[in-house]
Amino acid sequence: MFIAAAIVSVLLALALLASAAGKLGKNPQQVENMTKLNFPVDKIWLLAVAEIAGAIGLVAGLFWWPVGVAAAIGVVAYFVGAVIVHLRADDKAITPAGVLMIVAAAAAVLAPLAA
């Protein structure tokens, strides 16, 4: 089970870091999406910080599973919020956030099983 937990956690961490890099680098597509969702552009860095913290926690969780579970639950909450923001803005592009939310839930379940 450790291998499955490691694969899920590392891939999710890489996705979070890629997303955070786009936010910190003010990727035009991400800025456009945030504007469309009525999210304040000057606060995008906060989302990047949350993603980086989640990625660090997921990787740290490979060495001490309670940290991984906590990080995965935090990432699930992050993406639940993302789905809600998309729906409130009447944006139907919730698939990426929904998929990452499910992957984070899988990481939360796999972490204690890998211990």
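No experiment lies behind these values; they were computed from the predicted model shown. (Residues numbered from 1 in each chain as written. Predicted model: local features only at pLDDT ≥ 70, side-chain atom pairs only at ≥ 80, totals over all residues. Heavy atoms only, no water.)

Caption draft 1: Inspection of the overall build of the protein chain at higher detail. Counting secondary structure elements, the protein chain contains five helices and zero strands. In sequence order, the protein chain lays out its α and β elements as α-α-α-α-α. Computed over the C-alpha atoms, the radius of gyration of the protein chain is 14 Å, within 12% of the 13 Å expected from 2.2 N^0.38 for a compact globule of 115 residues. Once the C-alpha set of the protein chain is aligned to its principal axes, its extents read approximately 40 × 25 × 15 Å. Within the span of the protein chain, comprising 115 residues, buried residues form 36% of the whole. At a minimum sequence separation of 6, the contacts of the protein chain that also span at least 24 residues come to 66%. Carbon and sulfur atoms make up 75% of the accessible area of the protein chain, which amounts to about 6500 Å² in all. Charged side chains in the protein chain number 6 positive and 5 negative. The centres of these two groups are separated by 3 Å. (Helix = DSSP H or I, 4+ residues; strand = E, 2+ residues; numbered from the N terminus. Rg over C-alpha atoms; globule rule 2.2 N^0.38 Å. Buried < 20%, exposed > 50% of the residue type's maximum accessible area, 1.4 Å probe, protein only. Contact = heavy atoms within 4.5 Å. Areas by Shrake-Rupley, 256 points an atom, 1.4 Å probe, with all protein chains shown as cover. Lys, Arg positive; Asp, Glu negative; His and termini not counted. Charge placed at Lys NZ, Arg CZ, Asp CG, Glu CD.)

Caption draft 2: Seen up close, the nonpolar core. Counting residues in hydrophobic clusters, the biggest one holds 16 residues, and the most contacted among them are Leu12, Leu16, Leu58, Val75 and Phe79. Contributions of two or more residues to this core are made by α1 (2–24), α3 (44–60), α4 (65–88) and α5 (95–113). Looking at this core, the element that brings in the most residues is α4, giving seven residues. Residues contacting leucine 58, with those up to four places away along its chain left out, are Ser9, Leu12, Ala13, Leu16, Gly68, Ala71, Ala72, Val75 and Ala107. (Core = buried A, V, L, I, M, F, W, Y, C linked by side-chain atoms within 4.5 Å.)

Caption draft 3: Just unusual backbone geometry, in detail. For lysine 26, which is not a glycine, the phi torsion comes out positive at approximately 55°. Summarising the element assignment, lysine 26 is placed in the loop between α1 and α2 (28–36). The phi dihedral of asparagine 38 is positive, around 60°, even though this residue is not glycine. For asparagine 38, the location among the structural elements is in the loop between α2 and α3.

Caption draft 4: Structural view of the packing of aromatic side chains. According to the stated counting rule, one finds one aromatic pair in the structure shown. Seen in terms of ring centroids, tyrosine 78 and phenylalanine 79 are 5.0 Å apart; in terms of plane orientation they differ by 90°. Their pairing is edge-to-face. (Phe/Tyr/Trp six-rings, centres within 6.5 Å; stacked < 30°, edge-to-face > 60°.)

Caption draft 5: Focus on the packing of α1 against α5. Where α1 meets α5, the closest approach of the two axes is 9 Å, and the angle between their N-to-C directions is 145°. Viewed along their axes, α1 and α5 form a crossing whose handedness is left-handed. Each of Ala4, Ala5, Val8, Ser9, Leu12 and Ala15 in α1 lies in contact with α5, whose residues at this interface are Leu100, Val103, Ala104, Ala107 and Leu110. (Axes fitted to C-alpha atoms, helices over the stretch in contact; angles between N-to-C directions. Left-handed = near helix turned anticlockwise from the far one by under 90°.)

Caption draft 6: Quick look at the pattern of salt bridges. In total, this model carries three salt bridges according to the counting rule given. The salt bridge partner of lysine 92 is aspartate 90, with a shortest N-O separation of 3.1 Å. Judged by relative accessible area, lysine 92 falls into the exposed class, the value being 62%. (Salt bridge = Lys/Arg side-chain N within 4 Å of Asp/Glu carboxyl O.)

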